[in-house]
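Descriptive structure summary
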Amino acid sequence: MSELRFMTAGESHGPCLTAILEGLPAGLKLDLESINKDLARRQQGYGRGGRMKIEKDKVNVLSGVRFNETIGGPITLQVVNRDFQNWGERMAAFGEPAGEKVTAARPGHADFTGIRKYDRTDVRDILERSSARETTMRVAVGAVCKEFLKALGITVVSQVTCIGGVKVDPAKVDRAKLGTDISDLNCYDAEAEAQMKEKIKAARKEGDTLGGIFEVTVRGLPAGLGSHIQWDRRLDGKLAGALMSIQAIKGVEIGAGFDCAILPGSQIHDEMFLDEAGKVYRRTNRAGGLEGGMTNGEELVVKAAMKPIPTLMQPLHSVDIASHEEVLACKERSDTCAVSAASVVGEAMTAFVIAQAICDKFGSDAMVDLKAALAAYKARIGKEW
Ligand SMILES: Cc1cc2nc3c(=O)[nH]c(=O)nc-3n(C[C@H](O)[C@H](O)[C@H](O)COP(=O)(O)O)c2cc1C
Ligand SMILES: C=C(O[C@@H]1CC(C(=O)O)=C[C@@H](OP(=O)(O)O)[C@H]1O)C(=O)O
């Protein structure tokens, strides 16, 4: 089992959300504002629903940190749900049930299978935990991991590359600007972004929803994180699993991804050359920085595809779990599109997996030892090549 792990708890409309992150070394300097900044980034984006106007996510750090530094113990992170004030009676842990049950399952959500699997009669018992409100805590955990990686010279950035079929032109994206959050949709092609907003506006008007694609890039990685030795040590598998675990993510690509199935080897594999100093370099990075389940020293590039939001204001045909009748799916309020929010969650999950790989390889008791081990390793593998 990996040393670094986390778990989240909390319902979407409960009093608060919590995460426990265990296994980071002692002696890591943490900045509260950088965690809150990522929480705010996750809340923004054209197309989000009314809930985001209520919440102003801020983290409380309840353990594992003293005087701005980790001390090696589990780090407990908490975010209070402001909306709980409006749901108190319906979300009480004890007492008599209050409010009407939700019984019209939404296609595309966890509702229908959840109530049967967990033997519940109120869809709320399922939707409270299946809600992507939970991603708040993934982002808080990811922000801590990003601080850890930053201390080692590694940065994690993202961009939205497609919404509702409107695609970014890669030639128009200044990749040096990635991570500077220049736009509302976390998109670095202004023309495409304007079209994306129009698409979202039209979808909202029609009571419909949209999905899209985001890309996460990691810079400053040492070669050799992950391993070819065993299936469950391959970093590509871990990254794909972590990104796929985000609510509504239905596809993950590493580097050229699905294009690899179409193009010949001569147009896919990244040829190696030697510079004047005899150091190896590549002119392309279609592998997305991963070969044999290990980082190869190039930028890591992963993409994830998000399906359209399942709650439609023009509801889909469905069934009622109480009356056994055909009905229209339930709707309270919902996002129309949340791809930019998902991109921030994607950064977080990627940062966690990379932080885990670093802790596995270089030890995770104390920052000073980890930094020394990383420096010694880099010196060895950089000596000849
Ligand atoms: C950031 C984010 C926001 C989301 N917002 C909503 C929403 O407002 N309404 C909704 O029905 N689903 C929303 N979803 C998607 C559902 O949570 C998701 O589709 C559901 O949990 C079922 O899981 P699955 O799509 O992975 O099968 C959101 C997902 C993410 C990542
Ligand atoms: C609360 C968040 O996202 C929620 C994810 C979500 C879902 O079904 O996944 C449904 C909506 O919740 P509500 O019904 O309270 O409006 C979103 O707002 C959040 O991102 O913080």
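Residues numbered from 1 in each chain as written. Chains lettered and ligands numbered in written order. Predicted model: local features only at pLDDT ≥ 70, side-chain atom pairs only at ≥ 80, totals over all residues. Heavy atoms only, no water.

The protein is annotated in an unreviewed UniProt entry as Chorismate synthase of Mitsuokella multacida DSM 20544. We quote the UniProt Pathway (unreviewed entry) comment for the protein here in full: "Metabolic intermediate biosynthesis; chorismate biosynthesis; chorismate from D-erythrose 4-phosphate and phosphoenolpyruvate: step 7/7." Database annotation for the protein, UniProt heading Catalytic activity (unreviewed entry): "5-O-(1-carboxyvinyl)-3-phosphoshikimate = chorismate + phosphate". (UniProt positions renumbered as here; feature names shortened; annotations may be inferred.)

So, on to the side chain of Asp 189. On the secondary structure map, Asp 189 appears in the loop between β8 (166-167) and α7 (190-205). Comment: no salt bridge for buried Asp 189; closest opposite-charge side chain is Lys 172, at 4.6 Å. Separated by 2.9 Å, the side chain of Asp 189 and the backbone nitrogen of Asp 169 make a polar contact. (Helix = DSSP H or I, 4+ residues; strand = E, 2+ residues; numbered from the N terminus. Buried < 20%, exposed > 50% of the residue type's maximum accessible area, 1.4 Å probe, protein only. Lys, Arg positive; Asp, Glu negative; His and termini not counted. Salt bridge = Lys/Arg side-chain N within 4 Å of Asp/Glu carboxyl O. Polar contact = N/O pair within 3.5 Å; in protein donor to acceptor, adjacent residues only side chain to side chain.)

Moving on: the nonpolar core. Judged by nonpolar contacts, the single largest core of 81 residues is most densely connected at Leu 21, Leu 24, Phe 148, Leu 149, Ile 163, Met 196 and Ile 358. Ranked by the residues each element gives to this core, the list is headed by helix α9 (residues 339-362), at 16 residues. Apart from the residues within four sequence positions on either side, Ile 358 is in contact with Phe 148, Leu 149, Leu 152, Ile 154, Leu 225, Gly 363 and Leu 370. Membership of the second largest hydrophobic core comes to 8 residues, among which are Ile 126, Leu 127, Ile 321 and Cys 330. (Core = buried A, V, L, I, M, F, W, Y, C linked by side-chain atoms within 4.5 Å. Contact = heavy atoms within 4.5 Å.)

Further remarks concern the site of ligand 1. If you check the shell around ligand 1, you find 18 residues, and the closest are Ala 248, Lys 307, Thr 311, Ser 334 and Asp 335. The contact in question runs from an oxygen atom of ligand 1 to an N or O atom on the side chain of Thr 311, over 2.5 Å. Protein burial of ligand 1: of its 630 Å² of free accessible surface, 85% is covered by the chains. For the shell around ligand 1, the residue count by class is 7 nonpolar, 6 polar and 5 charged. (Near = heavy atom within 4 Å. Areas by Shrake-Rupley, 256 points an atom, 1.4 Å probe, with all protein chains shown as cover. Nonpolar A, V, L, I, M, F, W, Y, C, P; charged D, E, K, R; others polar.)

If you check UniProt for "binding site: FMN" (unreviewed entry), the listed places come out as Arg 129, Ser 130, Ser 131, Gln 247, Ala 248, Gly 292, Lys 307, Pro 308, Ile 309, Pro 310, Thr 311 and Arg 333 in our numbering. Look at the named residues: they lie 205 residues apart in sequence, and the longest C-alpha span between them is 44.6 Å, so in the fold they stay spread out. Secondary-structure assignment places Arg 129 in helix α5 (residues 124-130). On the basis of relative accessible area, Arg 129 is assigned to the partly exposed category, the value being 32%. Discounting chain neighbours no more than four positions away, the residues touching Arg 129 are Thr 8, Ala 9, Gly 10, Glu 11 and Glu 134. In this structure, Thr 311 sits in the loop between β15 (300-306) and β16 (317-319). Relative accessible area serves as the criterion here: at 6%, Thr 311 is assigned to the buried category. Contacts of Thr 311, omitting those with residues within four sequence positions, involve Arg 106, His 109, Thr 209, Cys 330, Lys 331, Ser 334 and Asp 335. A polar contact of 2.7 Å, which involves the side chain of Thr 311, links it to the side chain of Arg 106.

Attention now moves to the site of ligand 2. Looking at ligand 2, the residues that line it are His 13, Arg 42, Arg 48, Arg 51, Met 52, His 109, Ser 131, Ala 132, Arg 133, Arg 333 and Asp 335. At 3.0 Å from an oxygen atom of ligand 2 is found a side-chain nitrogen or oxygen belonging to Arg 48. Between an oxygen atom of ligand 2 and a side-chain N or O atom of Arg 333, the distance comes to 2.7 Å. The fraction of the free accessible surface of ligand 2 (470 Å²) that becomes covered by protein chains is 89%. Looking at the shell around ligand 2, its residues break down into 2 nonpolar, 3 polar and 6 charged.

This part is about the pattern of salt bridges. Any two side chains of opposite charge can pair, given that their charged atoms come close. Evaluated as defined, the whole model comprises 26 salt bridges. In this structure, Glu 347 engages Arg 41 in a salt bridge whose closest nitrogen and oxygen atoms are separated by 2.7 Å. Taken together, the positions of Glu 347 in helix α9 and Arg 41 in helix α1 (residues 32-43) put the pair 306 residues apart, joining distant regions of the chain. The buried category is assigned to Glu 347, whose relative accessible area is 1%. A relative accessible area of 9% means that Arg 41 is categorised as buried. One network of salt bridges, in which partners are shared, links Arg 42, Arg 51, Glu 55, Asp 57, Asp 83, Arg 133 and Arg 333.

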